[in-house]
Structure formats: structure tokens, C-alpha cells
Amino acid sequence: MTLILPDTSSAVVNDLRQLLGSAKVQNDFPTLTAYAVDASIYRMTPKAVVMVESEEDIDAVVRFAVSRGIALTPRAAGTNLTGSAIGAGIILDVSRMNRILEVNEQERWARVQPGIVLAELNRQLARQKLLFGPDPSSGDMCKLGGMVANNSSGPHTLAYGAVKDNVDALRVCLPSGAWLSAAPLRLDDPALHQTLASHPSLKPILDMVQQHRALIEGKRPTVSKNSCGYNLFGLADGLKHELFDLPKLFVGSEGTLGVMSEATLRLAPKPQGTLTALIHFRRLEDVGDAVPHLLSLRPSALEVMDANTLNLIGRAAHGIPADAAATLLAELDSHESQADLRERADRMAAISRRYQLCAEPTIAYDKDQRDQLWKARKALYPTLYRFDPRKKPINFVDDVVVRAERISELIRYLETFFEGQHVPVAIFGHIGNGNAHIVPLLNVNDPRDFEKMVEAYHEIHQTVLSRFDGSICGEHGDGRVRAEYVRKMFGEDLYQLFVQVKRAVDPTNVMNPGIKISEASFTEHIDYQRLSKSCATCAKCNSVCPVYDVFQSEDMSSRGWFEIVTSKDYSYLNSKRVVEACLNCKSCRTICPAGVDVSELILKRRAEHPNQGSRWLFALHARPIIFEGILKVLAMTQSWWDRPLPRKLLERHAAPVLKRIAPTAQLPADIVFPKLASKHLRDRYPELTQPLKDGTGPRIAYFHGCAANYFEDGVGDAVISVLRKHGVEPALPPQRCSGTPIETYGHVDLVRENARFNIQSLSGYDAVVTGCASCTLMLKEYKKFFENEPQREKADGLAKKVMHITEYVAQSGKQPAMGAPEGSPQRVTYHSSCHLRAAGVTKQPRQLLSNLPGTEYVEMSEADRCAGGAGTYLVKDYETSQKIFDRKRRNIEQSEADTVATSCPACMIQLNNGLRGRAAVKHVAQVLNDAYEAGAQQGNEGPGAAQ
Ligand SMILES: Cc1cc2nc3c(=O)[nH]c(=O)nc-3n(C[C@H](O)[C@H](O)[C@H](O)COP(=O)(O)OP(=O)(O)OC[C@H]3O[C@@H](n4cnc5c(N)ncnc54)[C@H](O)[C@@H]3O)c2cc1C
Ligand code: SF4
Ligand code: SF4
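What counts, and at which threshold
Residues numbered from 1 in each chain as written. Chains lettered and ligands numbered in written order. Predicted model: local features only at pLDDT ≥ 70, side-chain atom pairs only at ≥ 80, totals over all residues. Heavy atoms only, no water. Helix = DSSP H or I, 4+ residues; strand = E, 2+ residues; numbered from the N terminus. Rg over C-alpha atoms; globule rule 2.2 N^0.38 Å. Buried < 20%, exposed > 50% of the residue type's maximum accessible area, 1.4 Å probe, protein only. Areas by Shrake-Rupley, 256 points an atom, 1.4 Å probe, with all protein chains shown as cover. Lys, Arg positive; Asp, Glu negative; His and termini not counted. Charge placed at Lys NZ, Arg CZ, Asp CG, Glu CD. Salt bridge = Lys/Arg side-chain N within 4 Å of Asp/Glu carboxyl O. Polar contact = N/O pair within 3.5 Å; in protein donor to acceptor, adjacent residues only side chain to side chain. Contact = heavy atoms within 4.5 Å. Near = heavy atom within 4 Å. Nonpolar A, V, L, I, M, F, W, Y, C, P; charged D, E, K, R; others polar. Pairing = 2+ DSSP bridges. Arc of directions from axis to C-beta. Axes fitted to C-alpha atoms, helices over the stretch in contact; angles between N-to-C directions. Phe/Tyr/Trp six-rings, centres within 6.5 Å; stacked < 30°, edge-to-face > 60°. Lys NZ or Arg CZ within 6 Å of the ring centre and 35° of its normal.

Asks: Run through the overall build of the chain, naming residues and quoting values.
Replies: A count of helices and strands for the chain gives 42 helices and 28 strands. In terms of overall dimensions, the chain is globule-like: its C-alpha atoms have a radius of gyration of 30 Å, near the 30 Å expected for 947 residues. If one aligns the C-alpha atoms of the chain with their principal axes, the spans along those axes are about 90 × 70 × 60 Å. Looking at the chain as a whole, 61% of its 947 residues qualify as buried. When the accessible surface of the chain is split by element, carbon and sulfur atoms take 51% of a total near 36,200 Å². If the 112 positive side-chain charges of the chain are averaged to one point and the 109 negative ones to another, these points end up 4 Å apart.

Asks: Break down the pattern of salt bridges for me, with residues and values.
Replies: What the rule picks out here adds up to 80 salt bridges. For R615, the salt bridge is made with D749, and the minimal N-O distance between the two is 2.7 Å. In this pair, R615 sits in helix α25 (residues 612–621) while D749 sits in helix α33 (residues 748–761), placing the two residues 134 residues apart along the sequence. Taking relative accessible area as the criterion, R615 reaches 28% and is therefore assigned partly exposed. Residue D749 is classed as partly exposed on the basis of its relative accessible area of 37%. A single network of salt bridges, built from pairs that share partners, joins E120, R123, D549, E862, R865 and R887.

Asks: Explain the side chain of S471 to me, using residue names and the numbers behind them.
Replies: Relative to the helices and strands, S471 is located in the loop between α18 (447–466) and α19 (483–505). In terms of polar contacts, S471 uses its side chain to reach the backbone amide nitrogen of C473, at 3.0 Å. Setting aside chain neighbours within four positions, we find S471 in contact with V223, K225, N226, C228, D399, V400, V401, V464 and M489.

Asks: Pulling in residues and values, what's your account of the site of ligand 3?
Replies: Taken together, 13 residues lie near ligand 3, and C545, C582, C585, K586 and C588 sit nearest. Put simply, the parts of the chain that give the shell around ligand 3 at least two residues each are α20 (546–551), α21 (558–565) and α23 (587–591). Partitioned by chemical class, the residues of the shell around ligand 3 number eight nonpolar, four polar and one charged.

Asks: Outline the pairing of strand β12 (residues 259–266), listing residues and values.
Replies: Among the eight residues in β12, seven count as buried, and that is most of the element. As defined by bridge partners, strand β6 (residues 109–112) adjoins β12 across four bridges and the pair is classed as antiparallel. Across the sheet, residue A110 finds its bridge partner in β12, namely L265. Pairing between strand β8 (residues 167–173) and β12: six bridges, direction antiparallel. Note on β12: the bridge partner recorded for V172 is M260.

Asks: Hey, could you go over helix α35 (residues 791–801) for me, with residue numbers and the actual values?
Replies: Side chains of residues three or four places apart in an α-helix project in the same direction, reflecting 3.6 residues per turn. Considered for burial, the residues of α35 that qualify are Q791, A795, L798, A799 and K801. All buried residues of α35 fall inside an arc of 160° around its axis, so they share one side. Across from the buried face of α35, at angles greater than 90 degrees, the exposed residues are E793 and K800. Check the buried side of α35 and you find it contacts α33, β23 (767–770), α34 (773–780) and β24 (802–804).

Asks: Describe the environment of V828, listing the residues and the values that go with them.
Replies: Checked against the element boundaries, V828 lands in strand β25 (residues 827–831). Separated by 68 residues in sequence, V828 and E896 place their C-alpha atoms 8.8 Å apart. V828 has contacts with L849, L852, T855, E856, Y857, V858, A897, T899 and A901, leaving out every residue within four places of it along the chain.

Asks: Quick one: what's the story with the sheet that holds β6, residue by residue and with numbers?
Replies: Within the open sheet, the five strands sit side by side as β5-β6-β12-β8-β9. Their pairing is antiparallel. Looking at strand neighbours, the two that pair on one side only are β5 (100–104) and β9 (179–182), the edges of this open sheet. Within the sheet, the average angular offset between the axes of one strand and its neighbour, ignoring direction, is 10°. Contacts from helix α3 (residues 55–68) reach β8, β9 and β12 within the one sheet, and its direction differs from that of β12 by about 135°.

Asks: Can you lay out the environment of L620 for me, pointing to particular residues and giving the numbers?
Replies: Within the secondary structure, L620 sits in helix α25. Looking at L620, the relative accessible area reads 22%, which means it is partly exposed. Through-space distance from the C-alpha of L620 to that of S738 is 15 Å; in sequence the pair is 118 residues apart. Residues in contact with L620, not counting those within four places in the same chain, are I626, F627 and I630.

Asks: Describe the sheet that holds strand β22 (residues 700–703), and please don't skip the residues or the numbers.
Replies: Reading across the sheet, the three strands line up as β22-β23-β24 and stay open at both edges, with parallel pairing between neighbours. Both edges of this open sheet fall to β22 and β24, since each of them pairs with a single strand only. For this sheet, the mean inter-axis angle between neighbouring strands, taken without regard to orientation, is 30°. Alignment of β23 against β24, held across three bridges, turns out to be parallel. Directly across from V768, in β24, lies its bridge partner V802. In the packing of α34 onto the sheet, the strands contacted are β22, β23 and β24, and the crossing angle to β24 comes to about 160°.

Asks: Could you give an account of the packing of aromatic side chains, naming the residues involved and the relevant values?
Replies: Between two aromatic rings, the relevant description is the distance of the centres plus the angle of the planes. Applying the stated rule across the entire model yields 14 aromatic pairs. Both rings, one in W641 and one in F673, keep their centres 5.3 Å apart while their planes meet at 90°; by these two values the pair is edge-to-face. Of this pair, W641 sits in helix α27 (residues 638–641) while F673 sits in the loop between α28 (644–661) and α29 (681–684), placing them 32 residues apart in sequence. For F673, a relative accessible area of 26% gives the class partly exposed. Through a chain of ring-to-ring contacts, three or more aromatic side chains come together here, namely Y230, F233, F490 and F498. The ring centre of Y365 lies 4.1 Å from the NZ or CZ of R342, which sits over that ring. In this structure, K516 is placed above the aromatic ring of Y230, and the distance from its NZ or CZ to the ring centre is 5.8 Å.

Asks: How would you summarise unusual backbone geometry if you had to cite specific residues and measurements?
Replies: With glycine set apart, most residues show a phi of negative sign, and most peptide bonds adopt trans. Notably, E242 is not glycine yet its phi reads approximately 60°, a positive angle. Tracing the backbone through its elements, the reader meets E242 in the loop between α10 (232–240) and β11 (243–245). With a phi angle near 55°, E862 is a residue other than glycine that sits in the positive phi range. Tracing the sequence through the fold places E862 in the loop between β26 (856–857) and α39 (873–876). Under the relative-accessibility criterion, E862 is labelled buried at 16%.

The values reported here are purely geometric and, on their own, carry no functional implication.
As C-alpha cells, this is what we get:
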């Protein structure tokens, strides 16, 4: 049946809002733009997006879509590579349904909602030493709804199987509007008859599978994994055991048969120990030969990257030998002992040595080192986006499967084929399963490359079927990209059974049309414009974007913002709501494998519309005599005004002024205000503010920034004292605000002014030490403000000299004695400030904290996650900032630390406000200085004395 799509989205949206309330239904420009893409090569702009929060919401949307004949596309994280989470009708986003409903530790199962992220699920299950096994490489961002609907799997399929092997039951809202509790039912169970009576669409499917069992069995792919077509093979397997195995029908159905609201997952015990090995082979053939031998060690993962892939991601950057023809990543789990693991590691090394290796295998047991070995593999696809500004990795033959022992032959065939086409290609994948991911780099806007893509699509799929007897789809799903080929994969008879399944359950073809069962060519809806941009739409940035974490909707996410601010239809007015929501935490930039800096793009857009409401404040700030005078008066009177009643009055009277900065801005009466210094740092150390003199020692400047100067937070004193303990008498040269907060309000002209001043003032020093994460990053990046100007070179020179105090101490030749001060922290944890991470400083603070005598260092979970303060964001959007902090608070509490150390005075404000005394908050320099002071008092000597 042809769908009737209304001309305008407003009619659909108005009606949906009547049903669900306005907050859950969106159709403004940012929302429709952000939801028009997933991680595939396609684009389709929807009419409306609904953020469902309950089964009632799902129910209402499904009934509405069916009654109006409007296409309905369920969506979770939108990381599929096939175009299956975009559509022209309504997008139903399940991300806000993201709870674990129940865990049964003894029986090892969990009931979960579809919006939970796999990494989050496993983080929570780890406390019970359990895990959900299937692990797509997108595990940091993909969600259970998408995983179930795609029958996802990943590197560890060898040990845990695919999703279909790990789902016991599902709750699904069928297009009929009825809710199905899909569990395997015995054919003679009265419950089955009841189910068939309540859901008449299922009886014909059971009859059909019974009747065509031989056909289905005959067409079963003979490879170890398959996600092509509906899983009638699973239903036929069930019949062998007298079961109607209903979950098998829905797992892998890609949202074409209904909307899933709940899944009961089978869990596995977490291994006691794991090792990861990286083995570089000189000959590709050897990899294929080694696989059967390595499989005898029962590896949980065996991953391969071919020579082209290694070239494309950069051998030097990943320490890969120049003569490696292929690299194998192998992982072994042990549920027994470390000895067992080491014994198997020895056997693995012995097997590998039978072949021509480029070097001894690298073997890692430690989690950080193992993660490091996996890093390049997991981010492989988006990393390929860095290769060429025009030629992009295109997923269109990305997921073929052959028998594992033929994988080298397949790779050789593919390399020859693409060589013939003169197309660079990355070939990597789950070699233990024979599942190869093939990602050619093409400029699809060039007609010659476009033709090569179409040729490769047909040629490779056909060869995989005829020569290798394989499958065209191992785990990514059919989506739009393979729908055209499903018929060819299984032949007309079985394909017609798939069509019957779809017609029985979804007779009006409302559920995700164009997916799996479709006649459309794979080239329809290709997003030619986006495929010339720099973003891979992989959504990795969403996994760290604090705003996405709170709102769980694409229009409030890093990936969505890239789409919005780079759209040809963008205007500040149509997108102000979202452009102003970014914290400028730069977490997206730090993590993006493709090298995209979404925060920078947003800042550029803000600079086109500087925030007028804040300009007066920065103008005042630029007049230190007046500004600092006001601050000093406020400091002297703080004990009076920083009490409940005056603060209430302040909240009320500040509101109209703050509203001019942002509609969400407020200064709540109960916010914990940092103590203002009545004597500013520079006034406390007048001897350090003298003009630079010629001397013999190194000339070290301390760039204290605003907070350490104006607040009595102890940071400035600690930094100076620590530097002195390291034999340095720092100077406090004249300085202006580094510019971070000013830039976030779009006043680039003011930032430039300050940058010029600071570059000049700091030019005579050998090193510039900072105590603030944001100042560190900003001083290192001044050159971006001086394109084609002579100032750029000077800015570059400054960048090379800037170091955070933790960097300075970590590299200092002097190691002052340390001791445990009275009342020193028993257990300290570290909140890693976003801008320091973006500046590349991550190890040093942790290393310093780990060496404190008498104090245990504990790494908190998600230490690298933004705490939500982001300078003035705390005031600009207090509510969101506090929601962001909720997650940080939970992680701090779970760490059971009595002290949280960080590297940024601005983060300290947020931590103090959010924790309200539940743990002490200190700068790393303070903790360090306390230990030095105690060391000196206790008369300790040498590094690390007085434990
Ligand atoms: C860098 C990268 C690496 C990847 N690696 C792997 C890998 O190793 N293995 C692998 O299998 N895949 C991989 N993928 C593909 C993808 O991440 C997975 O298929 C993932 O499980 C999709 O989950 P999602 O939450 O993003 O789903 P989405 O993309 O949102 O949706 C996927 C499908 O599920 C349907 N759906 C979502 N929620 C529901 C629901 N509640 N009810 C019914 N249908 C629903 C959608 O309609 C769509 O058809 C990778 C992708 C990227 C970008
Ligand atoms: S910005 Fe980077 S991390 Fe984010 S979606 Fe694009 S490529 Fe992926
Ligand atoms: S800077 Fe932070 S808030 Fe802004 S898009 Fe990036 S991750 Fe999200």
C-alpha cells in the first residue's frame, strides 16, 4: 500500500502534541535536521520527532501513525550504518526509556529498556560481575533497542554470540496497536494459543514456517553469522524443539515489525582476567592459516586489519611496523586463574611464531593498555574520514561474511578488485567469524567514483554469494543499503516468505518502510552533500556530550549540532535554542576520531551573533580598576550578602539582567558562591609582579587567570608555593582574562584584544605555568584568532611555552620531600577537567596524586566526563548544569573518596556547589603543596619519603 504523507509536518505535529503534550514532539529546523541522518550514507528529513518516555507514549504514536498511514521509524542512538533509523515520516526516539528494570544475579538475566547505552548497561552490571556479551565497536554510543533490532554483534561474538543468542524475551508494540510479550513458547502450551488468538498476525507466520521448513533450512547461510533477511532460520530451529521462538522473529527485524519497549537479556559472568595481543604478520596468507590454530585457544575475539587499513590509519601513529601485511588483535578471557591466561598466552605466542612476524606479539593484561591496543580498531571507520578531504569511507559493501578459513582469500580478492578500480580501501573485521568490513574511500560526487561504487556493490556481493557461499550481511543489518540485495541473497521463494512476514504483521507498511523489504535502489537518498563534509556521523561525540546526556535527543547533541551549524539552511535565529546550549567543554573534539571540532564550529556561529547582554560585563572586566574595586567591596561585604535572605533578593534582582544574557540564566539563592578574596592574589604577592629583570635562572611566569586572582580558593597560593618548592621564583606578569568565557559569548574582538596583550606580556619568559585548565588550553590556542597575521607566529611561540602546573611538576628535575599532613585525604579521586584533557594533559595529575604518601588514589568511573560547570555555564543554564552534575556526583560517591582533586578553579566551583561538603574539593596543586609542607615539617628527605 502506498503511504499518504501529509504535505506539511505541522498537521502531524499538532495532532501528535494533542496526544502526547508539546514537550515530547518536535519539528523545528534543528530537530528535523539533526534527525535526518544516522551513521549511514543517507539523509531523509522526517516530518516530526517524538521522544517517547513510556509504553503509553509508544502505543499512542504507533496507533496514530497506522491510522494516518504515516511512516514510523523507531530510533535509538542512530549509529546504524545502513540508513535504518531515518525516515520521511515520524521518528520515534526511545532514548529516554533508558532504565535497567530488573537484574537477576543468580539466574543471570536483566530486563532493560531500549534506550540504555550498551557501555552504561555493562558499567552497571559490572558491579554484579556480569555483562551483556554482544559488543559492537560502537558500544560507547549504541543502545539496546538498536542492537536488538539489528541483531548486532562485535569483536567478541566468538565468545558470546550475537544479540539473537542472548535475548530471552521482548515486549513489542505491534502495528495492530496490541502489545506482544514475545517469549519462546512450546507448541502445545496453552499460552501459545492465547498469544496467537490475541495477535492474529502471528498464526500465518507459524503456519508458513512449518509448511516451508525445508525451503528455509535449504537456504540457511552456511557461515557463522548472518543478519540478512528475517530470521526464519531461528524460527525453524525452534520448531525442532517444538517451540515457536518468537524473539527470533523480532531480533534483527530493524524496526519493520513493531516498536520494542523492553528486552530480557541473558547475561554472562565477567571474566576474571583478560589479555589482549597485537600480532603483526608479514604475509596476509599466514593470518588465514593461523586462524584455525588460534581458534583452538578459545579466543573471545580475533580481529584483523589489512595492509591498506594500516596505511590509511597511519602506521607510525599506531606503532605498526612498515612491513606488516596484516595485524591481528586477539583476546583471551579466563574464568579460572591468571596462570591459565598466561599459559594460553604462551601457546598463542608459540603458534604465532610459526609464521613470519614483523615483531614479537605485544601482550597486555592491564585494562588501560588493553584499551590502548583496541583504540585504533574501535574508531577505525570514523578515523578513515581524516584520510582525504574529498574521498570518504563509504559503507555499501561493509559487512560480508565467509567461512573463517577463507578470509585471507576474500581479502586478497578484495584488494585485487579495488586495486583494479584504483580505489583505496580499508578491510578489517572479525576474522574469527569470517566477517569482513570493507570500506572503500570514494568521492561519490564524482560520477566516476559513483560508477565504481555501483559496480563494486554488485560485483562484490555477487562474488561473496557465488564464489564464497557467504552472506552479504553479518551484523550491520540490511537497512536501505542491502534491501535491494536481500532477494538475490536468498532467491525468490524465500524472499516471498519474508514479504509475507512483513505483510502479516504490518499490512499497511507503516513500520520503517524502505528497510529490509524494499525494491528501492541502494543509491536512493544518498546524502551527497554530507559525504563531502568532515563528520562521519558516527555519534562517538554524543557519548561524551554532557548536553546529550541530559536531553537524550539529537537536536541537543554534538553530532546533531554539527549537522545543524553546517546546514545550508542554518540561521542563528532558527537554531539559537541549540547553538546556545553547548558548554564548550570540548569533550567532542577530544574524542572525535575524524578530527572534527564541533565546539569550534559552534563558537564561530556564536561569533556571528555576539551576546549583547553580556558585553557590558566583559567591557567592565576590561577596566581592572573599576572591576576589581567592585569585587573587593563585594568581598568585604560577602559575610553580609551571602546569607539566605539577601541572596533571595539578589536572585530576584539579578534575574532581569541575567535574562538578557540567556533566557535560562539565573543566580539561585542556594548556589554555593565561591569566597571572594578581599586581597587579590596579585596584591598578596607584590614582589612577584615586578617587571621582568635579566637574571641567570629560567624565567617562569605564572598565568593565574581570573579565578585564582579574585577568589579565595587557595589555588594561586598553592601554585606559587609548589613552584617555589621546585626552586622556581615565578613572576606574575600583567595579564588579562585568557578569553575562554568571553569567546563562549561570541565576543571574538575582545578575545583578540586580550590575546594580543597576553602574548606581549608573556613573551619574555621561558615557560608559562598555569593553574587553570581553560587558561592552559586558551593560551595554547591563541593562534586560531590570528589567521594570516604576524601575531600568529608569536601565538605559536607562546603555545609551546605553556604548561599546566601538573605538567611542570611531573617533568621537574627536583623532587621535594613529601609527607602525610594531619587530616590529609585518606582516599583521593580525580575529576579530569575537560579543557586540560583537550590540551592533552591527562596522565600527570593522576601520576602526582598516586604518589601522595599516606593517601590512596582511586580512579573514579567516568573521571573524564564533564561536570557541567564550564565557567559561566553554571549561571547561564543552572538547571542543565545541575542535571549534568548528577552523573558526576554518583561517580564521586561510588569512588568513596573523601577528597576530589581537580586541575581547574572553575570545576572546583561546580564541585563545591554540587557536593555541598560530601567530599572535600581541592586543586591538585593544593594537595601537592600540603604534602610538600608536611614533608618539610616532618624533616623527610628525598622523593616519596615518609610513607
Ligand atoms: C564506528 C561504528 C562501529 C560499529 N561497529 C559495529 C559492530 O562492531 N557490530 C555491529 O553489529 N554494528 C556496528 N555498528 C553499527 C551500529 O552501531 C549497531 O548496529 C548498533 O547496534 C545500532 O544501535 P543504535 O542504538 O545506534 O540503533 P539505531 O541506529 O538507532 O537503530 C538501528 C535499528 O534499530 C531500530 N530500532 C531502534 N530502537 C528500536 C526499538 N525500540 N524498537 C524497534 N526497532 C528499533 C531502528 O529502527 C533501526 O532499524 C557500528 C557503527 C559505527 C558508527
Ligand atoms: S563529530 Fe566526530 S565523533 Fe562526532 S559524529 Fe562527527 S565524526 Fe563522529
Ligand atoms: S563542546 Fe561539550 S557540550 Fe558542546 S558539543 Fe562538544 S561535547 Fe557537547
